[in-house]
Amino acid sequence: MTRGEAAIGSSSDLLVRLREGTAGSHIRLEEALGILNLPLARDRFVVLLERFHGFHAVWEPAVAPWFEPAFLSPRRRTHLLEADLASLGRSLEAAHPLPCAAAADLARTAEQALGSLYVMEGSTLGGQVISRGFAGTVWAEGLRYFNPYGRGTGGMWAAFKAMVQQRSNGTTDPKIMAGAIATFELLQDWLRPAFREAE
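Cut-offs applied
Residues numbered from 1 in each chain as written. Predicted model: local features only at pLDDT ≥ 70, side-chain atom pairs only at ≥ 80, totals over all residues. Heavy atoms only, no water. Salt bridge = Lys/Arg side-chain N within 4 Å of Asp/Glu carboxyl O. Helix = DSSP H or I, 4+ residues; strand = E, 2+ residues; numbered from the N terminus. Buried < 20%, exposed > 50% of the residue type's maximum accessible area, 1.4 Å probe, protein only. Polar contact = N/O pair within 3.5 Å; in protein donor to acceptor, adjacent residues only side chain to side chain. Phe/Tyr/Trp six-rings, centres within 6.5 Å; stacked < 30°, edge-to-face > 60°. Contact = heavy atoms within 4.5 Å. Core = buried A, V, L, I, M, F, W, Y, C linked by side-chain atoms within 4.5 Å. Expected span 1.5 Å × (residues − 1). Arc of directions from axis to C-beta. pLDDT = per-residue confidence, 0-100. Axes fitted to C-alpha atoms, helices over the stretch in contact; angles between N-to-C directions. Parallel < 35°, antiparallel > 145°, perpendicular 65-115°, else oblique. Left-handed = near helix turned anticlockwise from the far one by under 90°. Nonpolar A, V, L, I, M, F, W, Y, C, P; charged D, E, K, R; others polar.

Student: Just give me the short version of the pattern of salt bridges, but keep the residues and values in it.
Tutor: Enumeration over the complete set of coordinates arrives at four salt bridges. Among the ionic pairs, Glu50 bridges to Arg90, the shortest N-O distance being 2.1 Å. Taken as a pair, Glu50 in helix H2 (residues 42-63) and Arg90 in the loop between helix H4 (78-87) and helix H5 (110-133) lie far apart in primary sequence, 40 residues in all. Its relative accessible area of 4% is what places Glu50 among the buried residues. Judged by its relative accessible area of 32%, Arg90 is partly exposed. Ionic pairing is found between Arg108 and Asp105, a salt bridge with its closest N-O pair at 2.7 Å.

Student: Any details on the side chain of Arg44? Residues and values, ideally.
Tutor: Along the polypeptide, Arg44 turns up in helix H2. According to the relative accessible area criterion, Arg44 is buried, its value standing at 11%. A distance of 2.8 Å separates a polar atom in the side chain of Arg44 from the backbone oxygen of Leu33.

Student: So what about the packing of aromatic side chains? Which residues, and what values?
Tutor: With the rule as written, the count across this model stands at nine aromatic pairs. For the ring pair Phe52 and Tyr145, a centre distance of 4.9 Å and an interplane angle of 40° mean the geometry is tilted. Taken together, the positions of Phe52 in helix H2 and Tyr145 in the loop between H5 and helix H6 (153-168) put the pair 93 residues apart, joining distant regions of the chain. Of the residues examined, Phe52 reaches a relative accessible area of 2% and is grouped as buried. Arranged with centres 5.1 Å apart and planes meeting at 35°, the rings of Trp157 and Phe160 form a pair that is tilted.

Student: Help me get a handle on the environment of Glu111, residues and values and all.
Tutor: Mapped onto the secondary structure, Glu111 falls in helix H5. For the pair Glu111 and Asp173, spaced 62 residues apart in sequence, the C-alpha separation works out to 7.3 Å. Not counting the four nearest positions on each side in its chain, Glu111 is found in contact with Asp173, Lys175 and Ile176.

Student: Give a detailed account of the nonpolar core, specifying residues and quantitative values.
Tutor: A general trend in soluble globular proteins is that nonpolar side chains are found buried together. Core analysis: the largest hydrophobic core is formed by 55 residues, its most contacted members being Phe45, Leu48, Phe55, Phe67, Phe146, Phe160 and Leu191. At the level of elements, helix H1 (13-33), H2, helix H3 (69-72), H4, H5, H6 and helix H7 (174-190) are the ones that each hand at least two residues to this core. Broken down by element, the residue count for this core peaks at 10 residues, all from H2.

Student: Describe H6, with residues and values.
Tutor: Given 3.6 residues per turn, any residue in an α-helix points the same way as the ones three and four places further on. Taking 1.5 Å per residue, 16 residues should reach 22 Å; H6 reaches 22 Å between its end C-alpha atoms and fits that length. Taken together, the buried positions of H6 are occupied by Thr153, Met156, Trp157, Phe160, Met163, Val164 and Ser168. What you see down the axis of H6 is that its buried residues fit within an arc of 120°, all on one side. Looking at the buried side of H6, the elements it contacts are H1, H3 and H5.

Student: Outline H2, listing residues and values.
Tutor: Look at H2: 31 Å from first C-alpha to last across 22 residues, which is about the 32 Å you get at 1.5 Å a residue. Buried residues dominate H2, accounting for 17 of its 22 residues.

Student: Please give an account of the confidence of the model for the protein chain that cites residues and values.
Tutor: Put simply, the protein chain has an average pLDDT of 88, and 89% of its residues get 70 or more. Within the model, the stretch residues 1-11 combines pLDDT values under 50 with 39 contacts to residues more than four positions away or in other chains.

Student: Just give me the short version of the packing of H5 against H6, but keep the residues and values in it.
Tutor: Where H5 contacts H6, the axes come no closer than 10 Å and their chain directions differ by 160°. Judged on the interaxial angle alone, H6 and H5 are roughly antiparallel. For the pair H5 and H6, the sense of crossing is left-handed. Across from Leu114, Leu117, Tyr118, Glu121, Gly122, Thr124, Leu125 and Gln128 in H5, the residues of H6 making contact are Thr153, Met156, Trp157, Phe160, Met163 and Val164. Taken together, the residues of the contact of H5 with H6 break down into nine nonpolar, four polar and one charged.

Rendered as C-alpha cells:
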C-alpha cells in the first residue's frame, strides 16, 4: 500500500477523518514493506502475495454478510492472488502459513467491517502506484492483485464512497475507525515475513 490513498481528499468528511485517523498506521506499514524500493526481490514478493492470500481467504467471507453481493463480488481479490501466485510458479499447497485466522475478527460488526473495507479499497488506489513501480520487471508482468480494477479504479472508488456516505450519513462511528486501524495493525503483523528488513 502507498500514500496513493491521499486521492480521497475530496470525499465525504467521514473518509477524510478515516484517512487522517489511520495515517500513522498507513505510513508505518508502507515503510515496513518498502515495496517500491527497487530492484524488486521476486522471492520476497512471492511471500507477500502468499501472506495477502492468507488474509483475503479469511477476510472476504467474514465481511461478506455485511455488504450486498453485487457490491462486494467485484471487489474480491482472492482469485487474483491465486492467479498471480500460479504465474510465479507458487502453488497454494506450498504457501505457509495459511490462513490468517485473526482476519475474521475484523468483521464482528457492520461498522468494523466498513472500516476494514475502507483500508482494502483504499489499497487499490495505492496499488496503481505499486504496479507502475514494477512495470518492466519481466516476472511481474500481468500480475493483478495490486491493480485489480485497472482503468476502472476511479469508478470503483466513487461507488465505495457513495456506499459509505449512504450508510453513515457522514457521521463517524468510533467502531468504523477502530475497524480501519485494527486492519492496518493486523496487516502490519501478518505481513511481517515480507518486510524489507526480512530480506
